[in-house]
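Structural overview for review
Below, each chain spelled out in residue letters.
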Amino acid sequence: MASPGNGTSPHVAGELFKMMAGIDMIHVPYRGGAQVMTDLIAGQVQVSFIGLVVAIEHIRSGKLRALAVTTASRTDVLPDIPTVGDFVPGYEASSFWGVGAPRNTPADIIDTLNREINAGLSDPKLRLRLAQGGGAVYAGSPADFGKFLGDETEKWAKVIKFAGVRPE
């Protein structure tokens, strides 16, 4: 199981799979994603939980075979590809981007930022552009994002403990 390095999103997504499926795979950490993709396409490694944004063009060209997506639901760009959760119930591993501000930022500034960011994310052109690369938009409140971050932190802490991942 190749990853771009110890503790990276693809590494811990694979460790979550190992934990939930009750299987073992040997983790092969690389020093970045480009060599992972090269060796995956060349058949030097058997599997990687590589991001869709990185893999989509290789999948479309036939150089890489997608076995499943790690998101909770199928993706519009690969509608025929099942989710890992179809085979391992409850599995979900998604990368995300969010916007944060310093702790003591005034509430009116936070509200303005949230409103404007959500307005931008509702733009159909932006949503289409993100979808074409395998991304999805989840707009919400600062409280929603705070809960999401707390839940994700708890989930991945369990995986990191299970896998014995240590900082290098």
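In case you missed it, the structure is sitting above this.
In this report, we go over the structure that sits alongside the text. (Residues numbered from 1 in each chain as written. Predicted model: local features only at pLDDT ≥ 70, side-chain atom pairs only at ≥ 80, totals over all residues. Heavy atoms only, no water.)

A separate point is the packing of aromatic side chains. Applying the stated criterion across every chain yields a total of 5 aromatic pairs. Here phenylalanine 17 and tyrosine 91 contribute two aromatic rings whose centre-to-centre distance is 6.2 Å and whose plane-to-plane angle is 80°, an arrangement assigned as edge-to-face. Here phenylalanine 17, found in helix α1 (residues 9-21), pairs with tyrosine 91, found in the loop between α3 (52-61) and α4 (107-121); they are 74 residues apart in sequence, far enough to count as distant. Taken individually, phenylalanine 17 and tyrosine 91 each receive the classification buried, so the pair is uniform in this respect. (Phe/Tyr/Trp six-rings, centres within 6.5 Å; stacked < 30°, edge-to-face > 60°. Helix = DSSP H or I, 4+ residues; strand = E, 2+ residues; numbered from the N terminus. Buried < 20%, exposed > 50% of the residue type's maximum accessible area, 1.4 Å probe, protein only.)

With that settled, the discussion passes to the nonpolar core. It is characteristic of soluble globular proteins that their nonpolar side chains tend to be buried jointly. Counting residues in each nonpolar core, the largest one holds 17 residues, and the members touching the most others are Leu52, Ala55, Ile59, Leu64 and Leu78. For this core, the elements supplying multiple residues, two or more each, are α2 (33-42) and α3. No other element matches α3, which puts 4 residues into this core. Beyond its immediate stretch of four places on either side in the chain, leucine 78 contacts Leu52, Ile56 and Ile59. (Core = buried A, V, L, I, M, F, W, Y, C linked by side-chain atoms within 4.5 Å. Contact = heavy atoms within 4.5 Å.)

This part covers a nonpolar patch on the surface. A contiguous nonpolar patch, built from Val99, Ile109, Leu113 and Ile117 and spanning about 320 Å² of accessible area, is present on the exposed surface. Examined against the element boundaries, isoleucine 109 turns out to sit in helix α4. (Patch = residues over 30% accessible without salt bridge, like charges linked within 9 Å, V, L, I, M, F, W, Y side chains within 5 Å. Areas by Shrake-Rupley, 256 points an atom, 1.4 Å probe, with all protein chains shown as cover. Salt bridge = Lys/Arg side-chain N within 4 Å of Asp/Glu carboxyl O.)

The next subject is the environment of leucine 149. Here leucine 149 shows up in helix α6 (residues 142-163). For leucine 149, a relative accessible area of 32% corresponds to the partly exposed category.

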